[in-house]
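A structural walkthrough
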Amino acid sequence: MVGYDPKSEVKSISAVEVAVAGSASGFVTRALISPVDVIKIRFQLQIEQLSPRNPLAKYYGILQTAHRILHEEGLTAFWKGHVPAQLLSISYGAVQVYQNLRHAVVTMYQTEGPLTFYRGLTPTIIAVFPYAGLQFSFYNLLQQLYKRVMPSEGMNAELQNKSVFRLRLDMFLKDMPSLKEVVDLMQKFLGNVKNLVCGSCAGVISKTLTYPFDLFKKRLQVGGFEQARAAFGQVRTYKGLMDCAGQIVREEGPVGLFKGLSPSLLKAALSTGFTFFWYEFFCNLLYALKDTGSTKGQEG
């Protein structure tokens, strides 16, 4: 993996460039997955059963919800709350039922005071550490599993390096640097695809294990906005984390703890996979730009 290794004698890219790559990766990923996040939040906040057999259910399927949002609110509705999401604002859920970020912030402050911006903080703190740990643990585990399942990759490379064909190919590629760059680029691309798959699987597993806390967070965050949420269906008021969990289990059953899990898993797969994919992409891009610059400097 291209990146910053402080123990390495030759650092491929600097810590600042790694930070830039990570920030760019997060920005692009958030923009791409915003529509899925909007659908997930609509599912999480709906008290009614997510079923087409329930006449009171406004939303009950990913495609149905996407079509309804597009028909009723327009294409831009899929990026509602995108700005506070990019800023990691906890008001993201509230913006879903308000005109814009400013309207949500002003209304929340006037209605509930400054403490309203910290609604849902408890389940967030409880879930964030195990989720991050599980995500990277499963990512590393899946990377190792991939190497064990696909050992032929390393064996074939070793055999090719010892073969006369490989020597002749290297001599041929030396005279054609552009073709060699294409081969190297393809190898990097295949490595990024592996990161995408492993990252997506790690995200799905981690999100499933910690999902109920995400549901609690969203329900608590929109507390106090019952009037604004009336158009979306029934509303409930919760006194805290335990009360929220208890009401959901009593009124919606244990399956209620996993409302919106399907779009959430889709989001987790896309988010984690895209994060690693775009991170590697930007790291490779920065490394290529630096390598190109140093080569030109030596030639000059």
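Everything in this summary refers to the structure shown in the same document.

Here is what the cut-offs are and how they apply
- Residues numbered from 1 in each chain as written.
- Predicted model: local features only at pLDDT ≥ 70, side-chain atom pairs only at ≥ 80, totals over all residues.
- Heavy atoms only, no water.
- Helix = DSSP H or I, 4+ residues; strand = E, 2+ residues; numbered from the N terminus.
- Buried < 20%, exposed > 50% of the residue type's maximum accessible area, 1.4 Å probe, protein only.
- Contact = heavy atoms within 4.5 Å.
- Areas by Shrake-Rupley, 256 points an atom, 1.4 Å probe, with all protein chains shown as cover.
- Expected span 1.5 Å × (residues − 1).
- Bend = angle between axes of the 7 residues up to and from the residue.
- Phe/Tyr/Trp six-rings, centres within 6.5 Å; stacked < 30°, edge-to-face > 60°.
- Salt bridge = Lys/Arg side-chain N within 4 Å of Asp/Glu carboxyl O.
- Core = buried A, V, L, I, M, F, W, Y, C linked by side-chain atoms within 4.5 Å.
- Axes fitted to C-alpha atoms, helices over the stretch in contact; angles between N-to-C directions.
- Parallel < 35°, antiparallel > 145°, perpendicular 65-115°, else oblique.
- Patch = residues over 30% accessible without salt bridge, like charges linked within 9 Å, V, L, I, M, F, W, Y side chains within 5 Å.

1. A closer look at the overall build of the protein
- Scanning the protein from N- to C-terminus turns up 12 helices and zero strands.
- The helix and strand sequence of the protein, counted from the amino end, reads α-α-α-α-α-α-α-α-α-α-α-α.
- Taken over 300 residues, the protein has a buried fraction of 38%.
- Sequence-distant contacts in the protein: of pairs separated by 6 or more residues, those separated by 24 or more amount to 71%.
- Counting every atom, the protein has about 17600 Å² of accessible surface; 66% of that belongs to carbon and sulfur.

2. A word on helix α6 (residues 121-149)
- In a regular helix each residue adds 1.5 Å, so 29 residues correspond to 42 Å; α6 covers 41 Å between its end C-alpha atoms and thus fits that length.
- Along α6, the sharpest change in direction is near 30° and occurs at Ala 127; proline Pro 130 comes one to four residues later.
- For α6, the set of buried residues is Pro 123, Ala 127, Tyr 131, Gln 135, Tyr 139, Leu 142 and Gln 143.

3. Some remarks on the packing of aromatic side chains
- Taken as a whole and assessed by the stated rule, the structure comprises eight aromatic pairs.
- Between the aromatic rings of Tyr 211 and Phe 258, the centroid separation amounts to 6.2 Å while the plane-to-plane angle is 15°, which identifies the pairing as stacked. You can see Tyr 211 sitting in helix α9 (residues 177-221) and its partner Phe 258 sitting in the loop between α11 (241-252) and α12 (261-299), a full 47 residues away along the chain.
- Note on Phe 258: relative accessible area 35%, which makes it partly exposed.
- Between Phe 277 and Trp 278 the ring centres are 5.5 Å apart and the planes differ by 85°, which places this aromatic pair in the edge-to-face class.
- What makes Phe 277 buried here is its relative accessible area of 17%.

4. Concerning the pattern of salt bridges
- Counted by the stated rule, this structure contains 13 salt bridges.
- Ionic pairing is found between Glu 252 and Arg 219, a salt bridge with its closest N-O pair at 3.1 Å. Here Arg 219 lies in helix α9 and Glu 252 lies in helix α11, a separation of 33 residues in the sequence. Like Glu 252, the residue Arg 219 is buried in the burial classification.
- Three or more residues are tied together by salt bridges with common partners; here these are Arg 30, Asp 37, Lys 40, Asp 214, Lys 217, Lys 218 and Lys 267.

5. Description of α11
- Along its 12 residues, α11 runs 16 Å from first to last C-alpha, staying within 8% of the 16 Å computed at 1.5 Å per residue.
- Taken residue by residue, α11 has Leu 241, Cys 244, Ala 245, Gly 246, Gln 247, Ile 248 and Glu 252 as its buried positions.
- Backbone geometry just downstream of α11 places Gly 253 in the positive-phi region, at approximately 80°.

6. Concerning the nonpolar core
- Listed in full, the 12 residues of the largest apolar core are Ile 47, Tyr 211, Leu 215, Phe 216, Leu 220, Tyr 238, Leu 241, Cys 244, Ala 245, Ile 248, Leu 257 and Leu 261.
- Contacts of Leu 257, omitting those with residues within four sequence positions, involve Tyr 211, Pro 212, Leu 215, Phe 216, Ile 248 and Val 249.
- Formed by seven residues, the second largest nonpolar core is a distinct cluster that contains Val 38, Phe 43, Ile 69 and Ala 77.

7. Remarks on the environment of Leu 145
- Mapped onto the elements, Leu 145 comes out in helix α6.
- The class of Leu 145 is partly exposed, set by a relative accessible area of 46%.
- Sequence-wise, Leu 145 and Cys 198 are 53 residues apart; in three dimensions their C-alpha atoms are separated by 9.6 Å.

8. What to know about the packing of helix α1 (residues 15-45) against helix α2 (residues 62-73)
- Two elements in contact, α1 and α2, have axes whose closest approach is 10 Å; the angle formed by their N-to-C orientations is 100°. When the interaxial angle is binned, α1 and α2 end up roughly perpendicular. Facing Val 38, Ile 39, Arg 42 and Phe 43 of α1, the residues of α2 in contact are Ile 62, Thr 65, Ala 66, Ile 69 and Glu 73.

9. Concerning a nonpolar patch on the surface
- A cluster of nonpolar side chains, namely Leu 121, Ile 125, Val 128 and Phe 129, defines an oily patch on the protein surface of about 380 Å² accessible area.
- Secondary-structure assignment places Phe 129 in helix α6.

10. Digging into the side chain of Gln 135
- Structurally, the position occupied by Gln 135 is in helix α6.
- For Gln 135, the contacting residues outside a window of four places in its chain are Ala 202, Ser 206, Thr 272 and Phe 276.

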